[in-house]
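Here is what each chain is made of, one letter per residue.
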Amino acid sequence: QKEVEQNSGPLSVPEGAIASLNCTYSDRGSQSFFWYRQYSGKSPELIMFIYSNGDKEDGRFTAQLNKASQYVSLLIRDSQPSDSATYLCAVNNPHNAGNMLTFGGGTRLMVKP
Amino acid sequence: DVKVTQSSRYLVKRTGEKVFLECVQDMDHENMFWYRQDPGLGLRLIYFSYDVKMKEKGDIPEGYSVSREKKERFSLILESASTNQTSMYLCASTKRGAQLNYGYTFGSGTRLTVV
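Since the model is a prediction, treat every value here as computed from it, not as a measurement.

Calculation notes
- Residues numbered from 1 in each chain as written.
- Chains lettered and ligands numbered in written order.
- Predicted model: local features only at pLDDT ≥ 70, side-chain atom pairs only at ≥ 80, totals over all residues.
- Heavy atoms only, no water.
- Helix = DSSP H or I, 4+ residues; strand = E, 2+ residues; numbered from the N terminus.
- Core = buried A, V, L, I, M, F, W, Y, C linked by side-chain atoms within 4.5 Å.
- Buried < 20%, exposed > 50% of the residue type's maximum accessible area, 1.4 Å probe, protein only.
- Contact = heavy atoms within 4.5 Å.
- Buried area = accessible area lost by both parts, 1.4 Å probe.
- Salt bridge = Lys/Arg side-chain N within 4 Å of Asp/Glu carboxyl O.
- Polar contact = N/O pair within 3.5 Å; in protein donor to acceptor, adjacent residues only side chain to side chain.
- Nonpolar A, V, L, I, M, F, W, Y, C, P; charged D, E, K, R; others polar.
- Phe/Tyr/Trp six-rings, centres within 6.5 Å; stacked < 30°, edge-to-face > 60°.
- Lys NZ or Arg CZ within 6 Å of the ring centre and 35° of its normal.
- Pairing = 2+ DSSP bridges.
- Axes fitted to C-alpha atoms, helices over the stretch in contact; angles between N-to-C directions.

Some thoughts on unusual backbone geometry
The step from glycine 9 of chain A to proline 10 of chain A runs through a cis peptide bond, and the omega angle for that step is 10°. For aspartate 78 of chain A, which is not a glycine, the phi torsion comes out positive at approximately 45°. Relative to the helices and strands, aspartate 78 of chain A is located in the loop between strand 8 (71-76) and strand 9 (85-92). Positive phi is not limited to glycine here, since aspartate 28 of chain B has a value of about 60°. For aspartate 28 of chain B, the position within the fold is in the loop between strand 3 (19-25) and strand 4 (31-38).

Spelled out as structure tokens, the structure:
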């Protein structure tokens, strides 16, 4: 089992819809969860992080964390074509030196006008 | 804002050449990382460093070495470039302990092609 799993997609949603991106992780000791957005040919940029169970909202983005189910998600409301990108989930690994992050393979999101 | 600067955006090298990829960060970060990213394989950790002159192997260190002589600079070296090292190379950094709160900051990447 991979440490951090994401559906590779592509996930296709119409403009204005809600995009739901999911991520599961294997280590119950993980404490910090991050969502990165990566446009084609560019480097990842951090868009959200969450530490506590529940929801965290920032503009059109909502991160949701359920530690019991080892599940973290990213909701994008009112999706725009400019949201089309690959979204990487990252989780800290408490068992490696320095609490390094482990990245999922990413989900490609396509928002169609 | 934290800046992580990678010296080259695109690079074309010949098989067998020794290749140096440079990464510089300007925020006194202790931790620095080199990843490569390939379609379908995601981000794979090559090497990382927790401090000056310290280095640790990641998941795919074969064919690579690193150098960290100064805190702000982390260099990735391809000892003898091969075509299977054609990839996007990403440098990242974070303050020690801060990765739990702030994650990593990535450089803009170097697209290396080995011909």
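So, next bit.
Some words on the nonpolar core
Grouped together as the largest cluster of nonpolar side chains are 23 residues, with contacts concentrated most on Trp35, Val72, Leu74, Ile76 and Tyr87 of chain A. Broken down by secondary-structure element, the contributors of at least two residues to this core are strand 3 (19-25), strand 4 (33-38), strand 5 (45-50), strand 7 (61-66), strand 8, strand 9 and strand 11 (107-112) of chain A. One finds Leu11, Trp34, Tyr64 and Leu76 of chain B within the second-largest nonpolar core, a separate group that totals 20 residues.

Here we look at the environment of phenylalanine 34 of chain A
In this fold, phenylalanine 34 of chain A is placed in strand 4. Phenylalanine 34 of chain A sits 69 residues away from phenylalanine 103 of chain A along the chain, and the two C-alpha atoms are 9.1 Å apart.

Remarks on the interface of chain A and chain B
At the junction of the two partners, chain A supplies 20 residues and chain B supplies 20 residues. For the pair chain A and chain B, the summed buried area comes to about 1,600 Å², and 57% of that belongs to carbon and sulfur atoms. Remark: the boundary between chain A and chain B carries zero salt bridges. The interface formed by chain A and chain B holds five residue pairs in polar contact (both at pLDDT 80 or more) in total. At the level of secondary structure, the elements contributing two or more residues to the side of chain A that touches chain B comprise strand 4, strand 5, strand 9 and strand 10 (101-103) of chain A. In terms of residue count, strand 4 of chain A provides more of the side of chain A that touches chain B than any other element does, three residues in total. Considering only residue class, the side of chain A that touches chain B consists of 11 nonpolar, eight polar and one charged.

Quick notes on the packing of aromatic side chains
Within a pair of aromatic rings, the relevant descriptors are the distance that separates the centres and the angle that separates the planes. For the coordinates displayed, the defined rule picks out 14 aromatic pairs over all chains. Their ring planes at 50° and their centres at 4.8 Å tell us that tyrosine 25 of chain A and phenylalanine 33 of chain A sit as a pair that is tilted. The pair formed by tyrosine 25 of chain A and phenylalanine 33 of chain A is uniform in burial state, with each residue classed as buried. Chaining the aromatic ring pairs together yields one cluster made of Tyr36 and Phe103 of chain A together with Phe33, Tyr35, Phe48, Tyr50, Tyr104 and Phe106 of chain B. The ring centre of phenylalanine 49 of chain A lies 3.6 Å from the NZ or CZ of lysine 56 of chain A, which sits over that ring. Positioned above the aromatic ring of phenylalanine 61 of chain A, the side-chain terminus of arginine 60 of chain A is 5.6 Å from the ring centre.

Some points on the environment of glutamine 6 of chain A
Residues and elements named next belong to chain A. Looking at the secondary structure, you find glutamine 6 in the loop between strand 1 (4-5) and strand 2 (11-14). In this structure the C-alpha to C-alpha distance between glutamine 6 and serine 73, which are 67 residues apart in sequence, comes to 9.9 Å. Beyond its immediate chain neighbours, meaning those up to four positions away, glutamine 6 contacts Asn22, Cys23, Trp35, Tyr87, Leu88, Cys89, Gly104, Gly105, Gly106 and Thr107. Among the polar contacts made by the side chain of glutamine 6, one reaches the main-chain amide nitrogen of cysteine 89 at a distance of 2.9 Å.

Let's talk about the sheet that holds strand 3 of chain B
Residue and element names in this part refer to chain B. Taking strand neighbours across the sheet as the criterion, the four strands line up as 1-3-8-7 in an open arrangement whose pairing is antiparallel. Single-partner strands in this sheet number two, and they are strand 1 (4-6) and strand 7 (64-70). For this sheet, the mean inter-axis angle between neighbouring strands, taken without regard to orientation, is 20°. Relative to strand 8 (residues 73-78), strand 7 runs antiparallel, the two sharing five bridges. Counted as the bridge partner of lysine 70 is arginine 73 from strand 8.

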